[in-house]
Amino acid sequence: MRLRWFGVVYLTWFGINSLRSAFKGDSLQAATAETKSLKQVVISLLGFTFLNPHVYLDTVILLGSIGNTFADAKWFFAAGAALGSMIWFLSIGFGAKAASRFMSKPIFWKVLDIVIAVIMFAIALMLALFEF
């Protein structure tokens, strides 16, 4: 029961901080001048891929465990998981590039922070008023 009220307080605090941030006028300043060599990009890619423990936890343990429940169709599951992952990460990469022009404007961050604050307040209110 105490954990519930801790959640209400935390979500309310998070919402208040989002509202404060909404009226600061901050924006993302994307670096456009610096370019990296192919070698630097490949080394970063390999580092983020193989030094990330979530690669092993999610891929080997989680997806491997789920995939083994499909018996003979486990290879279809693996192919679908690989395709889904490729689509997801390509969408994130190209989506970030496309969204960067909007994210450089302070109004974007103001609206985003207000939306986040409203969501945090709504979840805190539901947590406070309803039994789960």
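Residues numbered from 1 in each chain as written. Predicted model: local features only at pLDDT ≥ 70, side-chain atom pairs only at ≥ 80, totals over all residues. Heavy atoms only, no water.

1. Observations concerning the packing of aromatic side chains
Inclusion rule: Only rings of Phe, Tyr and Trp enter the pairing, Trp through its six-membered ring, and a pair is recorded when the two centres are within 6.5 Å. The plane angle decides the type: under 30 degrees is stacked, over 60 is edge-to-face, the rest tilted. Numbering of helices and strands runs from the N terminus, with a helix taken as a DSSP run of H or I at least four residues long and a strand as a DSSP run of E at least two residues long. The cut-offs for exposure are 20% and 50% of the maximum accessible area for each residue type, with area from a 1.4 Å probe on protein chains only; residues under the lower value are buried, those over the upper are exposed, and the others partly exposed. Here, over-ring charges are defined by two tests on the NZ atom of lysine or the CZ atom of arginine: distance to the ring centre within 6 Å, and angle to the ring normal within 35 degrees.
Applying the stated rule across the entire model yields four aromatic pairs. Ring centres of Y10 and F14 lie 6.0 Å apart, and the angle between their planes is 50°; this geometry places the pair in the tilted category. With Y10 and F14 both in helix α1 (residues 2-22) and four residues apart, the pair spans about one turn of that helix. Consider the rings of F108 and W109, whose centres lie 5.3 Å apart with planes at 85°: the pair is edge-to-face. A relative accessible area of 23% means that W109 is categorised as partly exposed. Here a set of aromatic residues connected by ring pairs shows up, and it is made of Y10, W13 and F14. Between R4 and the ring centre of W5, over which it is positioned, the NZ or CZ distance is 5.7 Å.

2. Details of the environment of G80
Mapped onto the fold, G80 is located in helix α4 (residues 74-103). Under the relative-accessibility criterion, G80 is labelled partly exposed at 40%. Sequence separation between G80 and A22 is 58 residues, and the spatial gap between their C-alpha atoms is 40 Å.

3. Here we look at the packing of α1 against helix α5 (residues 106-129)
Counted only if it meets this: Only the stretch in contact is used when a helix axis is fitted, and all axes are lines through C-alpha atoms; the angle between N-to-C directions ranges over 0 to 180 degrees. Here the angle decides the label: under 35 degrees means roughly parallel, over 145 means roughly antiparallel, 65 to 115 means roughly perpendicular, and every other value means oblique. When the near helix sits turned anticlockwise from the far one by under a right angle, the crossing is termed left-handed; a clockwise turn instead gives a right-handed crossing. Amino acids outside the nonpolar list (Ala, Val, Leu, Ile, Met, Phe, Trp, Tyr, Cys, Pro) and the charged list (Asp, Glu, Lys, Arg) are all regarded as polar, and Gly is one of them.
Interaxial distance between α1 and α5 falls to 8 Å at its minimum, and their mutual angle equals 160°. Taken as axis vectors, α1 and α5 run roughly antiparallel relative to one another. Our pair here, α1 against α5, has a crossing hand that is left-handed. A class-by-class count of the residues in the contact of α1 with α5 yields 17 nonpolar, five polar and three charged.

4. Details of the pattern of salt bridges
Put simply, the rule reads: Each salt bridge in this description consists of a side-chain nitrogen of Lys or Arg and a carboxyl oxygen of Asp or Glu lying within 4 Å of one another.
This structure, assessed with the given rule, holds one salt bridge. Measuring nitrogen to oxygen at the nearest pair gives 3.0 Å for the salt bridge that ties E131 to R4. One end of the pair, E131, is in the segment after α5; the other, R4, is in helix α1, with 127 residues separating them in the sequence.

5. Quick word on the layout of surface pockets
Operational definition: Using only the protein atoms, space was sampled on a 1 Å grid; points where a 1.4 Å probe fits but cannot get out form cavities, open sets with protein on both sides within 12 Å along at least five of seven lines form pockets, and lining residues are those with an atom within 4 Å of a point. Grid points are joined across faces, edges and corners, and a volume is the space filled by probe spheres set on the points.
Considering only enclosed or pocket space, the largest pocket measures out at about 580 Å³ in volume. If you trace the largest pocket, you find 18 residues lining it, with D58, T59, L63, A81 and S85 closest to the centre. Within the residue set of the lining of the largest pocket, elements represented by two or more residues are α3 (53-67) and α4. For the lining of the largest pocket, the element with the most residues is α4, which contributes eight residues. By volume, the second largest pocket is sized at about 260 Å³. Of the residues assigned to the lining of the second largest pocket, the class counts are three nonpolar, two polar and one charged.

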